[in-house]
Amino acid sequence: MNLHLPDYKSKEDGVLYIIGNGFDLYHGLRSRYIDFHNWLLKDHKDYVDNMQYIYPKIKDNEYELWSDFELALESNRDLLELHNHYKGQDDLLSKDKQKTYAAEQIEKIINQTQPLLEEWAQTFEYDKIEKVLPLGKNSKYITFNYTKTLEEVYNIKGEDQVLHIHGVVGEGNIITGYGNERQETPVGSPIERLSQKAIKNELTKLGKPTAANWERHSDFLEKLGHISTIIVIGHSFADVDRPYFEFLLQREPSYTDIKWQYWAHNEQAKKSIQKRINDLCFLWSGLDEKMNEERWRYYIMDKYK
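None of the values given here were measured: they were computed from a predicted structure. (Residues numbered from 1 in each chain as written. Predicted model: local features only at pLDDT ≥ 70, side-chain atom pairs only at ≥ 80, totals over all residues. Heavy atoms only, no water.)

(A) Just the pairing of strand β5 (residues 259–264), in detail. Where burial is concerned, most of β5 is hidden: five out of the six residues are buried. Two elements, strand β4 (residues 229–233) and β5, share five bridges in a ladder whose sense is parallel. Within the sheet, the bridge partner assigned to T229 lies in β5 and is K259. Bridge analysis of β5 against strand β6 (residues 296–300) gives five bridges, and the strand direction is parallel. Counted as the bridge partner of Y262 is Y298 from β6. (Buried < 20%, exposed > 50% of the residue type's maximum accessible area, 1.4 Å probe, protein only. Helix = DSSP H or I, 4+ residues; strand = E, 2+ residues; numbered from the N terminus. Pairing = 2+ DSSP bridges.)

(B) Region of the structure containing the confidence of the model for the chain. The share of residues in the chain with pLDDT of 70 or more is 83%, and the mean pLDDT across the chain is 81. Note that residues 7–11 has pLDDT below 50 and, in this model, 10 contacts with residues that lie over four places away or in other chains. (pLDDT = per-residue confidence, 0-100. Contact = heavy atoms within 4.5 Å.)

(C) Region of interest: the side chain of H166. Position of H166 relative to the elements: it lies in the loop between β3 (162–164) and α10 (190–203). When residues no more than four places from it in sequence are discounted, the contact partners of H166 are T143, F144, Y146, N173, I174, I175, K208, N213, D241 and Y244.

(D) Fine view of the side chain of S195. Position of S195 among the secondary structure elements: in helix α10. For S195, a relative accessible area of 0% corresponds to the buried category. Every residue in contact with S195, bar those within four places of it in the chain, is listed here: H83, Q98, K99 and A102.

(E) Region of the structure containing the packing of helix α2 (residues 33–43) against helix α8 (residues 113–121). Relative orientation of the contacting elements α2 and α8 amounts to 100°, with a least axis distance of 11 Å. Put simply, α2 runs roughly perpendicular to α8. Judged by residue contacts, D35, F36, W39 and L40 of α2 engage L116, L117, E119 and W120 from α8. Here the contact of α2 with α8 is built from residues that sort into six nonpolar, no polar and two charged. (Axes fitted to C-alpha atoms, helices over the stretch in contact; angles between N-to-C directions. Parallel < 35°, antiparallel > 145°, perpendicular 65-115°, else oblique. Nonpolar A, V, L, I, M, F, W, Y, C, P; charged D, E, K, R; others polar.)

(F) Seen up close, the packing of aromatic side chains. Tallying each qualifying case throughout the model produces six aromatic pairs. Plain terms: the ring middles of Y17 and Y141 are 4.8 Å apart, the flat faces sit at 5° to each other, and that makes the pair stacked. Here Y141 lies in strand β2 (residues 140–143) and Y17 lies in strand β1 (residues 15–19), a separation of 124 residues in the sequence. Take Y17 and Y141: they sit in the same class, and that class is buried. Centre to centre, the rings of Y53 and Y86 are 6.1 Å apart; their planes meet at 75°, and the pair counts as edge-to-face. Taken together, the positions of Y53 in helix α3 (residues 45–54) and Y86 in helix α5 (residues 79–86) put the pair 33 residues apart, joining distant regions of the chain. Site record: aromatic cluster; members linked through ring pairs are F36, W39, W120 and F124. The ring of Y53 carries R77 above its face, with NZ or CZ at 4.0 Å from the centroid. (Phe/Tyr/Trp six-rings, centres within 6.5 Å; stacked < 30°, edge-to-face > 60°. Lys NZ or Arg CZ within 6 Å of the ring centre and 35° of its normal.)

(G) Local environment of α3. Among all positions in α3, only Y47, V48, M51, Q52 and I54 are buried. Seen end-on, α3 carries its buried residues on one side only, within an arc spanning 160°. (Arc of directions from axis to C-beta.)

(H) Expanded view of α10. When the terminal C-alpha atoms of α10 are compared, their 20 Å separation across 14 residues agrees well with the 20 Å that a helix rising 1.5 Å per residue should span. Among all positions of α10, only S195, Q196, A198, I199, E202 and L203 are buried. On an axial view of α10, the arc spanned by its buried residues comes to 160°, and they lie on one face. Exposed and oriented more than 90 degrees from the buried face of α10 are P190 and N201. In the core, the buried residues of α10 are packed alongside α3, α5, α6 (95–98) and α7 (101–110). (Expected span 1.5 Å × (residues − 1).)

(I) Looking closely at the sheet that holds β6. Spatial strand order, β3-β2-β1-β4-β5-β6: six strands in an open sheet with parallel pairing. The open sheet has two edge strands with one neighbour each: β3 and β6. Ignoring strand direction, the axes of neighbouring strands in this sheet form an average angle of 15°. The pairing of β1 with β4 spans five bridges and is classified as parallel. Within the sheet, the bridge partner assigned to Y17 lies in β4 and is I231.

Shown next, in the form of structure tokens:
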């Protein structure tokens, strides 16, 4: 067991865990974006090449964190460039077909994302993972991971206990993508503008509707009951997921009385998280400094396996 993490089993009914990808990394899963990228290169290089063209900020070996990858999806290539690249041979297409052809090609590429994530995540071998944390079996869990580490390793199951806020492998409900809608006005000829509008509609499929998604899980949130402690393990608090934490902090007055703990994997990560949480509490959520200083505690976990 990791003795640095307090054992809350004696009062587990009042504990909510928030789980990020660092939790899986701590247990030895190769679940970084770069691991997904390397897996794709074996049999799905065309998908990688197309995604890197559509989203120029996605580059080989640049993004390790899922949050980095998702933020990169906010900056697609110019719509007119995409139209020109994927439009096919205009002289062989009818004018009506020219309006949608490029968007159809992009749709085929983007629609591969969820199935490929599912296929990759199904390669993880949970039977080789050791229980290393004293997690409460009756506590509540909000996990941002698609994996089944909680279920398969810790035998913590049930929709009333574990919320996979972005979906879970095997159920066809995975959500991944950016958080902010990109504003861009189509330009060019009438056909080019219509094509760009169709392309823009396809690109929104990799958007992450945080407000709507939070509302969709309102039943779970309403049944949380009395929470005295929130323990965050391995979540980067990146901007793409910030709205969820704003919702949680502002959900009801009693949540400002909850003791928060954040567990980071090293000192550098802890300092980075402290800054992000300060920004979240002060700039975005309007919570006073005293609440932040008294309610948040930061800890370093043992080294990753």
